[in-house]
Amino acid sequence: MPLVDVILALVWIGLTAYVLFAGADFGAGGWDLLAGGAERGRRQRGLIEHSIGPVWEANHVWLIFVIVLLWTGVPQVFAAVFSTLYIPLTLAALGIIARGSAFAFRKVSTRLWQRRLFGATFAFSSVVTPFFLGTVAGAIASGRVPPGIAAGNLVTSWLNPTSIVTGALAVGTGAYLAAVYLTRDAERAHSPALAESFRRRGLVTGVVVGVVAAVGLVVLHADAPSLFTELTSGRALPLLVLSVAAGLASLVLLWLRVFVAVRITAAAAVVGLLWGWGVGQFPRLLPGVTARQAAATDAVLAATIGAVAVGALLLVPSLWWLYATFQRGSRQEPASASDQEST
Amino acid sequence: MVLLTAPATYADLVAARTQMALSLGWHIILACLGVGMPAITLIAEWRGHRTGDPAYRMLARRWARAMGVLFAVGAVSGTILSFEMGLLWPGLMGVYGQVIGLPFAMEGVAFFIEAIFLGIYLYAWDRLSPVKHLLTGIPIIVAGVASAFFVVSANAWMQQPTGFDVAHGRVVAVDPWAAMFNLSTPPQTTHMILAAFMVAGFGIAGVHAVGMLRGRHDRYHRLGFLLPFTVAAVVTPAQLVVGDWAARFVADNQPIKLAAMEGLFRTGRGVPLSVGGFAVNGELRGAIEIPYGLSLLAHGRTNAEVIGLDQVPPSDWPPVNIVHPAFDLMVGMGMALLLLSAWLGWTWWRRRDLPRTRWFLRAASLGGVAAVVALEAGWTVTEVGRQPWIVYGVMRTADAVNPAPGLVWGFVLVFAVYVVLTVATVYVLRRLSRDSPAPTAPQEHDVAGYPVA
Ligand code: HDD
Ligand code: HEM
Ligand code: HEM
């Protein structure tokens, strides 16, 4: 396997982790927005804050990882994408800033107006940011980013049918994953009522995301026919089938309240979609540019893969420890945590 | 693929440079606290564990709480930087992204370690045994220092580009290790890491000095001042030596930058050191001159030749009136902080106490600001002094910028967001330093009532 393919596989693993973990953090922010007034939404917000507080920064690093590997592994593609799509990417970056700092500020604020202001900023940017990131994915998938610097249309490259659908899909999958994860977190915290409300949201969002994905296929048929063909009849078909099957299974499991297993199937549905796109598009990264043509020199690729491999030896056990620490039940109940956080 | 670009308008180029400088200048302050603060907090926690002293334990909790906010803001303000490398400088990244990719990839690993252990350190404080909790802080320190090293080594490459061959505008052979460990890396990274400890140490000490000026002379405030101040005071003399090393490096390898730093227009021997002054029409006016100073400092001999700006055409000159004052400012702040450190060292040696005059605390409360000023001035010297090159001698800044129109509007937006972010951060930190009171009762032997997370 050429080294650049290894790097692209690493990029895709990083992207998958970003969508599965950070995507769910964004979704949780969205639910924060819909949690209702300060009093009514307090328990929900408490659970959300409790669940994502310790992990969101680590989850966020996956994005940095993806960006850095892109500019190292396929520099021209990175330059083309970031220069043509500079509008949605600037907006996404600002969304990331607003969201992370507002979340941290809210955590240490005590007065109601401050918590409301920071909370609203956090929640609002949690919805917009994945949308803009999604439009970027749509722009690349529909071949609207030509090679060269700022060679594409600055507006229509990301404001087009495919981008709108992928933007919506990014928001929806985050919300769906968050609902699924939070159901189990609420159950573990012995809050059956919260678990029930997130289960209901999970079911509704699951259906909505399914519909958006189906619409997406129709749009792709018209807008990006070659990717559509790969997805529906080519190498990517098995992954699409996996995604649909896992998505349906999750709805059933959620219905039956099997809250642990549904985490796995829900994740599998998202993984199927992402890897379906990746496999369907590979090896064409941009119109007329294949992975090999865009690849960095072998010396760079080898050194980077080596560095990541050594890093993985440190990271895998550390990440494991992080998640295990906070998935084990805690002494503090989330509801009481939200009462105490102002101290 | 054509990768050489030109800005849409001159205003767009200026906007891109200002945006980059703004977001870097902002991030670097948070990054310094991210590098320096965990070590200082951990020392307090360790002392608290060893002695059981509630003041130390309380300090560790309070600093950790602030660290939670600072890290979050640092992480997101760093993210926009990695976006901006592509958004603003695609011409640089499209060609040389792979050459500086390796340190950035390692930096990614360091960020992971930092974020993971910070999550554990802050949120699992009461779930781990005290020793285990202390140990979870160590990877944060190591990763913080490492990430400073990695990112500055990428910057050092832009000062001293090595480890690659170019043919027809494409990079054809790269030795990523040679690029990372270029000649500029050792002085620049050391200087930066020491700067981070100075900013964090003098900064935290300054906050507690203000508290003491307001009449709070309890043990909590005293220790909260002494501990970080000592860390910074130990680093300061070393920083001046390293700064001298950095200057010699610049003299040998970036002589035009040195000429701009010193406002030296004409090449000559036995050149004096100019402090202050303003460049007008190709000469420095109003400077105080120290005979033979520059020859001596740069090359160690009174009659050594020092290259002036006259060696290159004016189109290749960095803006002297930015670089020269910035350099003086950095050195001046470094000297002032050295004096401040020596003052405390003297009274401590004589009578194990702080200087009695309030002027000491007044000066110390500004120490953090002075360190930040030196930090920003230092980066201005490095980065503006490298102009008009983005990669010294290899690629011009104007050839690297994104040619898309409207960068000016992007800058306006980013600027507005940073204004709001600054106001909110300062506001939240000020409240944080006020709202939970120091323990007043001496019998208060535990601080578990002040959860961090
Ligand atoms: C690894 C990359 C890197 C690192 C670590 C830094 N910079 Fe930088 N900086 C750049 C990469 C860069 C750049 C992208 O290469 C720029 C844009 C234009 C240029 O010539 O260099 C730049 C420009 C630039 C300018 C504008 C110079 C001009 O256009 O006249 C300033 C004032 C700074 N930076 C300040 C900083 C600060 C405060 C830093 C501390 C964090 C910093 N730089 C670290
Ligand atoms: C072009 C320059 C730079 C880029 C692209 C950059 C990028 C980043 C990014 C993406 C993060 C967030 C990582 C996370 O999610 O945890 C970050 C945080 C950090 N950066 Fe930078 N950075 C730059 C300059 C610097 C410099 C010069 C230093 C040196 C001190 C530094 C030190 C740090 C540290 C210690 C953190 C983590 C701690 C914190 O978040 O406060 N960075 N940076
Ligand atoms: C007498 C004292 C000092 C001297 C002689 C000195 C010298 C230098 C020189 C020559 C450079 C440019 C390096 C280059 O362009 O490659 C530099 C950069 C810098 N200085 Fe200083 N410096 C001093 C004190 C300080 C202090 C006190 C701080 C901060 C607390 C500081 C922070 C920086 C930073 C952040 C940079 C840019 C990044 C780097 O090169 O690491 N300096 N300094």
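Residues numbered from 1 in each chain as written. Chains lettered and ligands numbered in written order. Predicted model: local features only at pLDDT ≥ 70, side-chain atom pairs only at ≥ 80, totals over all residues. Heavy atoms only, no water.

Per an unreviewed UniProt entry, chain B goes by Cytochrome d ubiquinol oxidase subunit I and derives from Actinopolymorpha rutila. Annotation of chain B in UniProt includes, under Subcellular location (unreviewed entry), the sentence "Cell membrane". Quoted straight from UniProt, the Sequence similarities (unreviewed entry) entry for chain B says "Belongs to the cytochrome ubiquinol oxidase subunit 1 family." (UniProt positions renumbered as here; feature names shortened; annotations may be inferred.)

For chain A, the name recorded in an unreviewed UniProt entry is Cytochrome d ubiquinol oxidase subunit II, with Actinopolymorpha rutila as its organism. In UniProt, chain A has this text filed under Subcellular location (unreviewed entry): "Cell membrane". Its UniProt record gives chain A a comment under Sequence similarities (unreviewed entry), which states: "Belongs to the cytochrome ubiquinol oxidase subunit 2 family."

**Description of the overall build of chain B**
Looking only at helices and strands, one finds 15 helices and ten strands in chain B. Expressed along its principal axes, the backbone C-alpha trace of chain B runs to roughly 70 × 55 × 40 Å. Relative to its full complement of 453 residues, chain B shows a buried share of 57%. For chain B, the exposed surface amounts to about 18,200 Å²; the carbon and sulfur share of it is 67%. Distance from the positive charge centre (31 side chains) to the negative charge centre (26 side chains) of chain B: 12 Å. (Helix = DSSP H or I, 4+ residues; strand = E, 2+ residues; numbered from the N terminus. Buried < 20%, exposed > 50% of the residue type's maximum accessible area, 1.4 Å probe, protein only. Areas by Shrake-Rupley, 256 points an atom, 1.4 Å probe, with all protein chains shown as cover. Lys, Arg positive; Asp, Glu negative; His and termini not counted. Charge placed at Lys NZ, Arg CZ, Asp CG, Glu CD.)

**What to know about the nonpolar core**
All names here are of chain B. Membership of the largest hydrophobic core comes to 237 residues, with the highest contact counts inside it found for Trp 89, Leu 92, Tyr 96, Phe 225 and Phe 229. Here this core gets 20 residues from one element, more than from any other, and that element is helix α2 (residues 54-87). For Trp 89, the contacting residues outside a window of four places in its chain are Leu 13, Ala 16, Arg 17, Met 20, Glu 84, Ile 390, Thr 397, Ala 400 and Val 401. By size, the runner-up hydrophobic cluster in this structure holds 27 residues, among which are Phe 249, Val 250, Leu 264 and Leu 309. (Core = buried A, V, L, I, M, F, W, Y, C linked by side-chain atoms within 4.5 Å. Contact = heavy atoms within 4.5 Å.)

**Comments concerning the site of ligand 2**
Every one of the 23 residues lining ligand 2 counts as a neighbour, but His27(B), Ala75(B), Gly78(B), Phe111(B) and Val151(B) are closest to it. Each of chains A and B places residues next to ligand 2. Within the backbone of Ala75(B), a nitrogen or oxygen atom sits 3.1 Å from an oxygen atom of ligand 2. If you list the elements that add at least two residues to the shell around ligand 2, you get α3 (56-73) of chain A together with α1 (10-51), α2, α4 (101-123) and α5 (130-159) of chain B. Looking at the shell around ligand 2, its residues break down into 14 nonpolar, eight polar and one charged. (Near = heavy atom within 4 Å. Polar contact = N/O pair within 3.5 Å; in protein donor to acceptor, adjacent residues only side chain to side chain. Nonpolar A, V, L, I, M, F, W, Y, C, P; charged D, E, K, R; others polar.)

**Some words on α3(A)**
Over its 18 residues, α3(A) runs 26 Å from end to end, which matches the ideal 26 Å to within 8%, given 1.5 Å per residue. The buried fraction of α3(A) is high, at 17 of 18 residues. (Expected span 1.5 Å × (residues − 1).)

**Some thoughts on the coordination of the iron atom of ligand 3**
Residue and element names in this part refer to chain B. Coordination of the iron atom of ligand 3 by the protein involves His 191 (NE2) and Met 330 (SD), with metal-donor separations of 2.0 to 2.3 Å. Coordination at the iron atom of ligand 3 is octahedral, judged from the six donor atoms that bind it and the angles of 82 to 180° they form at the metal. Of this pair, His 191 sits in helix α7 (residues 185-213) while Met 330 sits in helix α11 (residues 320-351), placing them 139 residues apart in sequence. (Donors = N, O, S within 2.8 Å, 3.2 Å for Na, K, Ca; no water. Tetrahedral: all angles 85-135°; square planar, octahedral: opposite > 155°, others 65-115°.)

**Regarding the site of ligand 3**
Residue and element names in this part refer to chain B. Lining the immediate environment of ligand 3, one finds 24 residues, of which Gln 188, His 191, Lys 257, Met 330 and Thr 382 sit closest. Between Gln 188 and ligand 3, the recorded distance is 2.7 Å, taken from a backbone N or O atom to an oxygen atom. Separating a nitrogen atom of ligand 3 from a side-chain N or O atom of His 191 is a distance of 2.7 Å. Contributions of two or more residues to the shell around ligand 3 are made by α7, α8 (219-253), α9 (255-262), α11 and α13 (367-384). At seven residues, α8 tops the list of elements feeding residues into the shell around ligand 3. Of the residues assigned to the shell around ligand 3, the class counts are 15 nonpolar, seven polar and two charged.

**Notes on the packing of α8(B) against α9(B)**
Residue and element names in this part refer to chain B. As a packed pair, α8 and α9 sit with axes 5 Å apart at the nearest point and diverge in direction by 120°. As far as their axial angle goes, α9 and α8 are oblique. For the pair formed by α8 and α9, the contact residues are Ala 247, Val 250, Ala 251, Asp 252 and Asn 253 on the first element and Pro 255, Lys 257, Leu 258 and Met 261 on the second. The residue makeup of the contact of α8 with α9, split by class, is six nonpolar, one polar and two charged. (Axes fitted to C-alpha atoms, helices over the stretch in contact; angles between N-to-C directions. Parallel < 35°, antiparallel > 145°, perpendicular 65-115°, else oblique.)

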